[in-house]
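Structural overview
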Amino acid sequence: MKNRLDKLYHFLDRYAFWILILWVIVLSLLYSTLSLVRHMHFQSGGFDLGLYDQSVWQYAHFLWPYNTIKDRFILGDHLTLTLPLLSPLFWAWEDARILLVFQAVAITTSSIAVYLLAKLRKFTPFLSFVVAWAYSLFYGIQYGIFFDFHPILLGVAIFAWFTYFFESKKKIVWMVLLVLALATQENMGLALASLGCIYFFRKECRGYAVWFIIGGVLVSLAASKV
C-alpha cells in the first residue's frame, strides 16, 4: 500500500504542472457554465453586469460611456480605467456573456501564477499544485463568479500574476501589471497596501513594502476623490 502511495505521489509531483493545466481548463469550463446558466435563467442583473456590459459596449463602439442604469458617467461610479481594454471582446462577440466567460477564464488561469509563486518559495511541485488548487476553489472566487461580472475579480487575477513576477524580479512586467491592477478599481490601492504589510516582514522586500503601503493608500484616496 505504501509503495503504491509513493508511486502515486511521485507521479503527481512529476506531472503537477500539466495536471494543473488540465484542471484550469476544466474549471474554466465549469465556472463559465455556472455563470452563463445563471445569466440565461434571468438571475443576473443591472448591477453589476448591466453596468459594465453597457459601458464596455460603448467603449467598443467609441461612444461616450454614459451609463443609463445609474444615469451618470460610468467613471463617476467606480474608477474602472481598464474597461476600455475589454472592448475588443465585443468585436469578437457582441454579447454580455463574453464578459462572464472572460472573467471565469481570467480568474481560473491566475491559479497558474499561484502555482509558480509556490514553486518560487521552494514548495515541491505537488504542494504547489495543492496551493493553486485550493486558491482556485476559494469561496470568494466562487461567489464572485456566481454573483455577476465585476472588474474587481479581474483585479484579483492581475494581482496574482503581479505577485509572482514581483518575487521573480521581472521588474518591467510586474510594474505593468501593478498599473493595470491599480487601474481596475479605486480599492485596489488598499489591496496593494495590504500586500505591502505582508512584505514588510521580509527584509529583502521591506523597501518596496513601504512604497506599496504608502503608495497604495494614496492611490486609493486619490482615485476615490476623482
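Throughout what follows, the structure given in this document is the object of discussion. Predicted model only: the values in this text are computed from it and were never measured. (Residues numbered from 1 in each chain as written. Predicted model: local features only at pLDDT ≥ 70, side-chain atom pairs only at ≥ 80, totals over all residues. Heavy atoms only, no water.)

Some details on the overall build of the protein chain
From N to C terminus, the protein chain includes 11 helices and two strands. For the protein chain, the residues scored as buried account for 43% of the 226 residues in total. Considering only intrachain contacts with a sequence separation of at least 6, the fraction spanning at least 24 residues in the protein chain is 69%. Here the protein chain displays about 12700 Å² of accessible surface, and carbon together with sulfur accounts for 72% of that area. The distance from the centre of the 18 positive side-chain charges to the centre of the 12 negative ones in the protein chain is 16 Å. (Helix = DSSP H or I, 4+ residues; strand = E, 2+ residues; numbered from the N terminus. Buried < 20%, exposed > 50% of the residue type's maximum accessible area, 1.4 Å probe, protein only. Contact = heavy atoms within 4.5 Å. Areas by Shrake-Rupley, 256 points an atom, 1.4 Å probe, with all protein chains shown as cover. Lys, Arg positive; Asp, Glu negative; His and termini not counted. Charge placed at Lys NZ, Arg CZ, Asp CG, Glu CD.)

Here we look at the packing of helix α2 (residues 16-40) against helix α7 (residues 139-147)
Between two packed helices, the angle of one axis relative to the other and the distance separating the axes together describe the packing. One can describe the packing of α2 onto α7 by two numbers: an axis separation of 8 Å at closest approach and a directional angle of 40 degrees. Counted together, Y31, L34, S35 and R38 of α2 and I141, Q142, I145, F146 and F147 of α7 form the full contact between these two elements. A breakdown of the residues in the contact of α2 with α7 according to their chemical character gives six nonpolar, two polar and one charged. (Axes fitted to C-alpha atoms, helices over the stretch in contact; angles between N-to-C directions. Nonpolar A, V, L, I, M, F, W, Y, C, P; charged D, E, K, R; others polar.)

As for the pattern of salt bridges
Between side chains of opposite charge, pairing is possible as soon as their charged atoms come close. Counted under the stated rule, the structure contains six salt bridges. Between R38 and D148 there is a salt bridge, and its shortest N-O distance comes to 3.1 Å. With R38 in helix α2 and D148 in the loop between α7 and α8 (151-167), this pair connects stretches of sequence that are 110 residues apart. Each member of the pair R38 and D148 is classed as buried. A salt bridge links E204 to R202, with the nearest nitrogen and oxygen atoms 3.0 Å apart. Each of the salt bridges in this network shares a partner with another, and the network as a whole consists of R121, E167, R202 and E204. (Salt bridge = Lys/Arg side-chain N within 4 Å of Asp/Glu carboxyl O.)

Describing unusual backbone geometry
The phi dihedral of F62 falls on the positive side, at around 55 degrees, and the residue is not glycine. We classify F62 as exposed; its relative accessible area is 71%. Notably, D71 is not glycine yet its phi reads approximately 55 degrees, a positive angle. The topology assignment puts D71 in the loop between β1 (66-67) and β2 (72-73). A relative accessible area of 53% places D71 in the exposed class.

Details of the layout of surface pockets
Put simply, the largest pocket is a space of about 350 Å³. As for the largest pocket, its lining consists of 16 residues, of which L117, R121, T163, L195 and Y199 are closest to the centre. Of all elements in the fold, only α5 (97-120), α8 and α10 (188-199) reach the threshold of two or more residues within the lining of the largest pocket. Per-class residue counts for the lining of the largest pocket are 13 nonpolar, one polar and two charged. In this structure, the second largest pocket is lined by T82, L85, L86, L89, F102, A106, L154, A157, I158, W161, L177 and L180. Sorting the residues of the lining of the second largest pocket by element identifies α5, α8 and α9 (171-184) as the ones contributing at least two each. With four residues, α8 is the largest single contributor of residues to the lining of the second largest pocket. Grouping the amino acids of the lining of the second largest pocket by side-chain chemistry returns 11 nonpolar, one polar and no charged. (1 Å grid on protein atoms, 1.4 Å probe; cavity = no way out; pocket = protein on both sides within 12 Å on 5 of 7 lines; lining within 4 Å. Points joined across faces, edges and corners; volume = space filled by probe spheres on them.)

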